[in-house]
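Read off the chains here:
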Amino acid sequence: MKKLGLIVNPVAGLGGSVGLKGSDGREIVERALELGAIPQAGRRAATALKSLLSLKDNIDLYTFSGEMGEIPAREAGLQPIVLGSETLVSSNVPNADLLATTAADTVMAAQRMKEIPVDLLLFAGGDGTARNVFDAVGSDLVVVGIPAGVKIHSGVYGVNPRNAGLLAYEYLLTGNMRTRESEVMDIDEDAFRQERLSARLYGYMKTPASVTRLQGGKMSVRGDMDSVHGIARYINETIDQDTLYIMGPGGTTAEIMKQMDLPNTLLGVDLVFNRRILANDVGISDILQQLDLIERAKIIVTPIGGQGNLFGRGNQQVGAPVIRCVGKSDIVVVATQAKLNSFYGKHLITDTGDTDLDEELSGYIRVVTGYRRETVFRIGC
């Protein structure tokens, strides 16, 4: 029997859809819940685990009670071995288990997995969760991250939950799959909320080696600024009247806003209508409210350098309900050729949390690469 460990950070990604740019700290978690954020980490973990159902008679799944793993495991159809007693506060207060979850819970859980030891550790979270696991196990265990956070720069995560599960399946099934050292990155969330990106390499964890199923680390691409200016100029010349523009985060979209002489949230989402700002740094509910009022809309988005993520990394405000409402034909992708080249032949990635939508978005999409310059690029899932 193979031993598989599972740790879920229930609050991972909670602040993303409501524009809080992270989920670290009780105050942020409380604020996210007040704004209507819905926990997603457990559901994402269950999606990954469903890829392992055919191995259920050949693995022992170790996890912790409640939202830290037991609930997602049972939801996926697996019967876990629950370690110890309830580690989180139990009460009748809504979301009490979420509010009680701390980084210490993740560190403790990962240490227990190391003591067993498990053959593979699956964990659901973001960069903060990866750091906590790294603090506990270093490179002593083989790990696969299930992406559930707001910001995911670390290279230990699957491109989406399904691929994380499939990678775990392949590793457990073969027993001799090659591994690699993958980077653990994190950023300063307080600086991030102030529009400053301060990323740091914390170390490396051992993952199964996969070019297609692991997302790889985020890469800053020094692009051709003439192309960035050209993209912005072209988009500005083709702006439609009476159309809501949902402007995603990033330097290229920031240049578009600059050329319109509009205030921009570099690491957030802004709404523009008839060349005027409707709102800066919005959450998903704000966007949906405007979509109820305005008949036509477009999403302008740029992929993450090195990774190729189009949706699901740092722009969860533009979530599945928004994308479905707007439609694929009105998604405008902007990226310099240098950024496209940074994907090394890999396709663009969508991780909306809606697997059916990810399938619908797959295929080819036009990408504006400069002034009156376009190419087509493949989206995969």
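Our subject is the structure that appears above.
Residues numbered from 1 in each chain as written. Predicted model: local features only at pLDDT ≥ 70, side-chain atom pairs only at ≥ 80, totals over all residues. Heavy atoms only, no water.

With that settled, consider the overall build of the protein. Counting its secondary structure elements, the protein contains 14 helices and 16 strands. Put simply, the protein has 381 residues, and 57% of those count as buried. Of the accessible surface of the protein, which amounts to about 15900 Å², a share of 47% is contributed by carbon and sulfur atoms. (Helix = DSSP H or I, 4+ residues; strand = E, 2+ residues; numbered from the N terminus. Buried < 20%, exposed > 50% of the residue type's maximum accessible area, 1.4 Å probe, protein only. Areas by Shrake-Rupley, 256 points an atom, 1.4 Å probe, with all protein chains shown as cover.)

Three- or four-residue spacings in an α-helix give side chains the same orientation, since the helix completes a turn every 3.6 residues. Compared with an ideal rise of 1.5 Å per residue, which puts 13 residues at 18 Å, helix H5 (residues 103-115) spans 19 Å between its outermost C-alpha atoms and is within 8% of the ideal. What H5 keeps buried is the set Asp105, Thr106, Ala109, Ala110 and Met113. All buried residues of H5 lie within an arc of 125 degrees about the axis, which places them on one face of the element. Summarising the geometry of H5, the exposed residues directed more than 90 degrees from the buried face are Ala104 and Glu115. (Expected span 1.5 Å × (residues − 1). Arc of directions from axis to C-beta.)

Take the sheet that holds strand S1 (residues 2-8) next. Across the sheet, five strands lie side by side as S3-S2-S1-S4-S5; this open sheet has parallel pairing. Two strands bound the open sheet, and with one partner strand each, they are strand S3 (81-82) and strand S5 (143-147). (Pairing = 2+ DSSP bridges.)

All right, on to the pattern of salt bridges then. Scanning all chains against the criterion turns up 15 salt bridges. Its salt-bridge partner being Lys114, residue Asp140 comes within 2.9 Å of it at the nearest N-O pair. Remark: Lys114 occurs in helix H5 and Asp140 occurs in the loop between helix H6 (127-137) and S5; sequence separation between them is 26 residues. For Asp140, a relative accessible area of 52% corresponds to the exposed category. Classification of Lys114 as partly exposed rests on a relative accessible area of 34%. Here Arg313 and Asp351 are joined by a salt bridge, their closest N and O atoms 2.8 Å apart. Taken as a pair, Arg313 in the loop between strand S12 (309-311) and helix H12 (320-326) and Asp351 in the loop between strand S14 (348-350) and helix H14 (355-361) lie far apart in primary sequence, 38 residues in all. As far as the burial class goes, Arg313 and Asp351 line up, both buried. In the salt-bridge network here, residues are joined through shared partners; they are Asp240, Arg296, Lys298 and Asp330. (Salt bridge = Lys/Arg side-chain N within 4 Å of Asp/Glu carboxyl O.)

Contact geometry for H5 and H6: axes closest at 8 Å, N-to-C directions at 45 degrees. Taken together, the axes of H5 and H6 lie oblique to each other. The crossing of H5 and H6 is right-handed. Residues Ala103, Thr106, Val107, Ala110, Gln111 and Lys114 of H5 lie in contact with H6, whose contacting residues are Thr129, Asn132, Val133, Ala136 and Val137. In terms of residue class, the contact of H5 with H6 is built from six nonpolar, four polar and one charged. (Axes fitted to C-alpha atoms, helices over the stretch in contact; angles between N-to-C directions. Parallel < 35°, antiparallel > 145°, perpendicular 65-115°, else oblique. Left-handed = near helix turned anticlockwise from the far one by under 90°. Contact = heavy atoms within 4.5 Å. Nonpolar A, V, L, I, M, F, W, Y, C, P; charged D, E, K, R; others polar.)

A separate point is the sheet that holds strand S8 (residues 243-247). What the nine strands build is an open sheet, ordered S10-S9-S8-S11-S13-S15-S16-S14-S12; its pairing is mixed. Looking along the sheet, the strands with just one partner apiece sit at the ends: strand S10 (276-279) and S12. Adjacent strand axes in the sheet meet at a mean angle of 35 degrees when their direction is disregarded. Direction of pairing for strand S13 (residues 331-334) relative to strand S15 (residues 363-370): parallel, over a ladder of two bridges.

The next subject is helix H2 (residues 41-49). The element H2 is largely enclosed, with a buried count of seven among its nine residues. Residues of H2 that are buried include every one of Ala41, Gly42, Arg44, Ala45, Ala46, Ala48 and Leu49, and no others. For H2, the secondary structure elements touched by its buried residues are S1, helix H3 (70-75), strand S4 (120-125), S5 and helix H7 (161-174).

Moving on to the environment of Ala41. Position of Ala41 relative to the elements: it lies in helix H2. Residues Ala41 and Pro10, spaced 31 residues apart in sequence, show a C-alpha to C-alpha distance of 5.5 Å. Contacts of Ala41, omitting those with residues within four sequence positions, involve Val8, Asn9, Pro10, Ala12, Ala124 and Ala148.

Let us look at the environment of Tyr171. Tracing the backbone shows Tyr171 in helix H7. Overall, the relative accessible area of 14% leaves Tyr171 in the buried class. Along the primary structure Tyr171 and Val144 are separated by 27 residues, whereas in three dimensions their C-alpha atoms are 10.0 Å apart. The residues contacting Tyr171, other than those within four sequence positions of it, are Asp119, Leu120, Val142, Met177, Thr179 and Pro208.

Turning our eyes to something else, we now look at unusual backbone geometry. Between Ile116 and the following residue, Pro117, the backbone shows a cis peptide bond with an omega angle of -20 degrees. Structurally, the position occupied by Pro117 is in the loop between H5 and S4. Of note in the backbone geometry, Asn274 takes a positive phi value of approximately 50 degrees without being a glycine. Summarising the element assignment, Asn274 is placed in the loop between strand S9 (270-273) and S10.

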